[in-house]
Amino acid sequence: PEGQECTDRIHYLPHHCVVRQDKESSKLRIVYDASARSKGPSLNDCLYTGPKSGQSIFDLLIRFRLQPVAIVGDIEKAFLMVSVSPCDRDSLRFLWTKDPKSEPLQTTTYRFARVVFGVSSSPFLLNATIHHHIGSYTENDPDFTRKFLSSIYVDDVVAGATDVD
């Protein structure tokens, strides 16, 4: 809402659509470009990306291939599950129009309330959130938390087991 800005750090994310005729479920996808520059640094240039805390994909795949039973999973819409602090949402503004062919063009300003896929800090924020929540189960099931946290790559779980049980 207008007038609820927490800070003077305001940034508008440029975006464009990608149309895929070969896709049934999502022919149109919006791509946000946090690396775009205009008279200064990009949003990605200004963000702390955090330390690399993810698994090595090579190590993960080797561990996966050594087991006779495959276990794979995906956290659906993982980035959209992580909230952005209200005071940081003005850095994630974007303009939207219902009808780009209308005259005069009527735009509305929106702000993301969730972590945006494609922003340089997003993988770290997702990884830290997953580690925080899964780590809270360490006392109850240390074997599960160790196995899960060593088997996650961004929002995918790739693991194996010796038997189905």
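What counts, and at which threshold
- Residues numbered from 1 in each chain as written.
- Predicted model: local features only at pLDDT ≥ 70, side-chain atom pairs only at ≥ 80, totals over all residues.
- Heavy atoms only, no water.
- Helix = DSSP H or I, 4+ residues; strand = E, 2+ residues; numbered from the N terminus.
- Rg over C-alpha atoms; globule rule 2.2 N^0.38 Å.
- Buried < 20%, exposed > 50% of the residue type's maximum accessible area, 1.4 Å probe, protein only.
- Axes fitted to C-alpha atoms, helices over the stretch in contact; angles between N-to-C directions.
- Parallel < 35°, antiparallel > 145°, perpendicular 65-115°, else oblique.
- Left-handed = near helix turned anticlockwise from the far one by under 90°.
- Contact = heavy atoms within 4.5 Å.
- Nonpolar A, V, L, I, M, F, W, Y, C, P; charged D, E, K, R; others polar.
- 1 Å grid on protein atoms, 1.4 Å probe; cavity = no way out; pocket = protein on both sides within 12 Å on 5 of 7 lines; lining within 4 Å.
- Points joined across faces, edges and corners; volume = space filled by probe spheres on them.
- Pairing = 2+ DSSP bridges.

Caption draft 1: Summary view of the overall build of the chain. Per the secondary structure count, the chain includes four helices and seven strands. When the helices and strands of the chain are listed from N to C terminus, the series reads β-β-α-α-β-β-β-α-α-β-β. In terms of C-alpha radius of gyration, the chain reaches 20 Å, well past the compact-globule figure of 15 Å for 165 residues. Seen through its principal axes, the chain has C-alpha atoms that stretch 65 × 40 × 25 Å. Counting all 165 residues of the chain, 26% fall into the buried class.

Caption draft 2: Representation of the packing of helix α3 (residues 122–135) against helix α4 (residues 142–149) in the model. One way to put it is that α3 packs onto α4 with a least axis distance of 10 Å and a crossing angle of 165°. The orientation of α3 with respect to α4, classified from their angle, is roughly antiparallel. Pair α3 / α4 crosses with right-handed handedness. Together, Ile130, His131 and Ile134 of α3 and Phe144, Thr145, Phe148 and Leu149 of α4 make up the contact between the two elements. A breakdown of the residues in the contact of α3 with α4 according to their chemical character gives five nonpolar, two polar and no charged.

Caption draft 3: Summary view of the layout of surface pockets. Put simply, the largest pocket is a space of about 520 Å³. Along its surface, the largest pocket is lined by 23 residues, and Leu43, Leu47, Asp88, Ser91 and Ser121 are the ones closest to its centre. Put simply, the parts of the chain that give the lining of the largest pocket at least two residues each are α1 (43–46) and α3. Top element by residues in the lining of the largest pocket is α3. It accounts for three residues. If you add up the space inside the second largest pocket, you get close to 390 Å³. Considering the residues around the second largest pocket, the lining is formed by 14 residues, among which Ile30, Phe79, Leu80, Val116 and Phe117 are closest to the centre.

Caption draft 4: Quick look at the environment of isoleucine 10. Within the fold, isoleucine 10 resides in the segment before β1 (15–19). Accessibility expressed as a relative area gives 40% for isoleucine 10, which makes it partly exposed. Taking the C-alpha atoms as reference points, isoleucine 10 and aspartate 45, separated by 35 residues in sequence, lie 14 Å from one another.

Caption draft 5: Broad picture of the sheet that holds strand β6 (residues 152–153). With antiparallel pairing, three strands are arranged side by side in an open sheet as β3-β7-β6. Whereas interior strands pair on both sides, the edge strands pair on one side only; in this sheet they are β3 (69–74) and β6. In this sheet, strand β7 (residues 156–161) lies alongside β6 in antiparallel orientation, the contact comprising two bridges. Bridging from a neighbouring strand, tyrosine 153 pairs with aspartate 156 of β7.

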